Amino acid sequence: WAAMMLRKASGDARRFVAHILLLLAAALVVTAAFGGHAGIGGSFTVGVAVRAMHLASLCVWIGAVAAMWLLGRRDGDLRALWPSVSRLAALGIAVTGASGLVLSGRVAVTVTALLDTSYGQRIVMKAGLLVVLGALGALAARRVSRGRDPRRLPMVWRQPSANSPRRASPSR
């Protein structure tokens, strides 16, 4: 919806719509940052700031990739933006991970709290998921840097087709 509004607008109207959308997104992120566990483990203001950074970077990372994924299918000209989106997504995932570590360190202070509580176990699961998504993102970024479409990652485990050359098995 936002992308459609921005595409239809021109010049000053486009900037105005972009500023309104940015202001709306910032208001939603800051409002959400006041909830949850922002006040636990130290200064409430620092907690809200770090949580807002965490939520904003998550939105940038997921939003940029999802928007390009969906809009790039319809408009081939947008595919030229993949390198920029790839860098933005890398920054988003890095800030999401770093701010997530800071937030989790404010709540789960010890390794025991991290491993023995349900909250700590969720943090460990989120960190593992972030590593997997980061690895997939790195593969996609590598494809982008080579000028390929990042939406089509090669399947390493494919069965060879009847026309592909077969390798001789090593002899013992």
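See above for the structure.
These numbers were taken from a predicted model, which means no experiment stands behind them. (Residues numbered from 1 in each chain as written. Predicted model: local features only at pLDDT ≥ 70, side-chain atom pairs only at ≥ 80, totals over all residues. Heavy atoms only, no water.)

### Side note on the overall build of the protein chain
- Scanning the protein chain for helices and strands turns up six helices and zero strands.
- Counting helices and strands in the order they occur from the N terminus, the protein chain gives α-α-α-α-α-α.
- Intrachain contacts of the protein chain at a sequence separation of at least 6 include 50% that bridge at least 24 residues.
- Carbon together with sulfur atoms contributes 67% to the accessible area of the protein chain, which is approximately 12400 Å² in total. (Helix = DSSP H or I, 4+ residues; strand = E, 2+ residues; numbered from the N terminus. Contact = heavy atoms within 4.5 Å. Areas by Shrake-Rupley, 256 points an atom, 1.4 Å probe, with all protein chains shown as cover.)

### Describing helix H3 (residues 44-74)
- Its 31 residues place the ends of H3 44 Å apart at the C-alpha level, agreeing with the 45 Å of an ideal helix rising 1.5 Å per residue.
- Among all positions in H3, only Gly-47, Val-48, Val-50, Arg-51, Ala-52, His-54, Leu-55, Ser-57, Trp-61, Ala-64, Met-68 and Gly-72 are buried.
- Backbone nitrogen of Thr-45 and a side-chain oxygen of the N-cap are separated by 3.3 Å at the start of H3; the cap is Ser-43. (Expected span 1.5 Å × (residues − 1). Buried < 20%, exposed > 50% of the residue type's maximum accessible area, 1.4 Å probe, protein only. Polar contact = N/O pair within 3.5 Å; in protein donor to acceptor, adjacent residues only side chain to side chain.)

### Topic: the environment of Leu-91
- Its place among the elements puts Leu-91 in helix H4 (residues 82-107).
- Owing to a relative accessible area of 55%, Leu-91 belongs among the exposed residues under this scheme.
- Along the chain, Leu-91 and Leu-58 lie 33 residues apart, while their C-alpha atoms are 10.0 Å from each other.

### Brief notes about the pattern of salt bridges
- Scanning all chains against the criterion turns up one salt bridge.
- Between Asp-12 and Arg-15 there is a salt bridge whose closest N-O contact spans 2.3 Å. In this pair, Asp-12 and Arg-15 are both assigned in helix H2 (residues 12-33), three residues apart and thus about one turn of the helix distant.
- For Asp-12, a relative accessible area of 57% corresponds to the exposed category. (Salt bridge = Lys/Arg side-chain N within 4 Å of Asp/Glu carboxyl O.)

### Notes on a nonpolar patch on the surface
- Together, Leu-129, Val-132, Leu-133, Leu-136 and Leu-139 line one region of the surface with nonpolar side chains, adding up to about 420 Å² of accessible area.
- Take Leu-139: its relative accessible area is 43%, and that puts it in the partly exposed class. (Patch = residues over 30% accessible without salt bridge, like charges linked within 9 Å, V, L, I, M, F, W, Y side chains within 5 Å.)

### A short note on H2
- Over its 22 residues, H2 runs 31 Å from end to end, which matches the ideal 32 Å to within 8%, given 1.5 Å per residue.
- Looking only at H2, the buried set comprises Val-17, Leu-21, Val-29 and Ala-33. The buried side chains of H2 occupy one side of the element, clustering within an arc of 140 degrees when seen end-on. Counted as exposed and oriented over 90 degrees from the buried face of H2: Asp-12, Phe-16, His-19, Leu-23 and Thr-31. (Arc of directions from axis to C-beta.)

### Considering the packing of H4 against helix H6 (residues 118-145)
- One can describe the packing of H4 onto H6 by two numbers: an axis separation of 10 Å at closest approach and a directional angle of 165 degrees. As judged from the angle between their axes, H4 and H6 are roughly antiparallel. For the crossing formed where H4 meets H6, the hand is left-handed. On H6, the residues that touch Trp-82, Pro-83, Ser-86, Ile-93, Gly-97, Ser-104 and Val-107 of H4 are Tyr-119, Ile-123, Leu-130, Leu-133, Gly-134, Ala-141 and Val-144.
- Partitioned by chemical class, the residues of the contact of H4 with H6 number 10 nonpolar, four polar and no charged. (Axes fitted to C-alpha atoms, helices over the stretch in contact; angles between N-to-C directions. Parallel < 35°, antiparallel > 145°, perpendicular 65-115°, else oblique. Left-handed = near helix turned anticlockwise from the far one by under 90°. Nonpolar A, V, L, I, M, F, W, Y, C, P; charged D, E, K, R; others polar.)

### What to know about the packing of H2 against H3
- Where H2 meets H3, the closest approach of the two axes is 8 Å, and the angle between their N-to-C directions is 135 degrees. Of the possible angle classes, the one that applies to H2 and H3 is oblique. Crossing of H2 against H3: the hand is right-handed. Each of Val-29, Ala-32 and Ala-33 in H2 lies in contact with H3, whose residues at this interface are Val-48, Arg-51, Ala-52, Leu-55, Ala-56 and Cys-59.
- Broken down by class, the residue content of the contact of H2 with H3 amounts to eight nonpolar, no polar and one charged.

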